[in-house]
Amino acid sequence: MKTLRYNREKVIKVSREMFPPEKCERCGRCCIIHAYKTEEGLKLIYCEHFDPETKLCKVYNERYKHNCLTILEAIMAGVFPKDCPFVRDIKSYEEPHFYRYLREEKD
């Protein structure tokens, strides 16, 4: 397996140009770092910087210093739900499987 190497500062700059922050709907779902099923239902583990009350990142302006993914990196890693404005028009995008369970729990 080959490792992809790139200049992260360039990726941050390109990501900001291609995906303006105003596009974000502030749902907080991309801040889920782990999800698993339990007898009580789906258990979600959020990033330590996520504020569940405001659904915002507490370190947003400095998020890259905390190793947060750029939008480009998050798309490549398949982090977003398919209805996220950053990926909803990308036909080949596949969301993580746990979003299906989240939708089932809502219904």
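Here, every reference points to the structure presented above.
Residues numbered from 1 in each chain as written. Predicted model: local features only at pLDDT ≥ 70, side-chain atom pairs only at ≥ 80, totals over all residues. Heavy atoms only, no water.

**With respect to the pattern of salt bridges**
One pass over the structure, following the stated rule, counts four salt bridges. With its nearest N and O atoms 3.1 Å apart, the salt bridge here joins Glu25 to Arg88. Here the residue Glu25 occupies a position in the loop between helix 1 (8-18) and strand 1 (32-38), and Arg88 occupies one in the loop between helix 2 (71-77) and helix 3 (98-106), the gap between them amounting to 63 residues. Classification of Arg88 by relative accessible area gives partly exposed; the value is 43%. (Salt bridge = Lys/Arg side-chain N within 4 Å of Asp/Glu carboxyl O. Helix = DSSP H or I, 4+ residues; strand = E, 2+ residues; numbered from the N terminus. Buried < 20%, exposed > 50% of the residue type's maximum accessible area, 1.4 Å probe, protein only.)

**Focus: helix 1**
What helix 1 keeps buried is the set Val11, Ile12 and Ser15. Buried residues of helix 1 fall within an arc of 100° about the axis and therefore sit on the same side. Exposed and oriented more than 90 degrees from the buried face of helix 1 are Glu9, Lys10, Lys13 and Glu17. Buried residues belonging to helix 1 abut helix 2. The residue sitting at the N-terminus of helix 1 and contributing the capping side-chain oxygen is Asn7; that oxygen lies 2.9 Å from the backbone nitrogen of Glu9. (Arc of directions from axis to C-beta. Contact = heavy atoms within 4.5 Å. Polar contact = N/O pair within 3.5 Å; in protein donor to acceptor, adjacent residues only side chain to side chain.)

**Digging into the packing of aromatic side chains**
Applying the stated criterion to the full structure yields four aromatic pairs. When the ring of Phe80 is compared with that of Phe86, the centres are 5.9 Å apart and the planes differ by 40°; the resulting orientation is tilted. The same class applies to Phe80 as to Phe86, namely buried. Each residue in the set Phe19, Phe80 and Phe86 is aromatic and connected to the rest through ring pairs, giving one cluster. The ring of Tyr60 carries the charged tip of Arg26 above its face, separated from the ring centre by 5.9 Å. (Phe/Tyr/Trp six-rings, centres within 6.5 Å; stacked < 30°, edge-to-face > 60°. Lys NZ or Arg CZ within 6 Å of the ring centre and 35° of its normal.)

**As for unusual backbone geometry**
Non-glycine residue Arg26 carries a positive phi angle of around 60°. Within the secondary structure, Arg26 is located in the loop between helix 1 and strand 1. With a phi angle near 65°, Asn67 is a residue other than glycine that sits in the positive phi range.

**Quick notes on the pairing of strand 1**
Relative to strand 2 (residues 41-46), strand 1 is paired through six bridges, and the arrangement is antiparallel. By the bridge assignment, Lys37 is partnered in strand 2 with Leu42. Linking two consecutive strands that pair antiparallel, namely strand 1 and strand 2, is a turn of two residues. (Pairing = 2+ DSSP bridges.)

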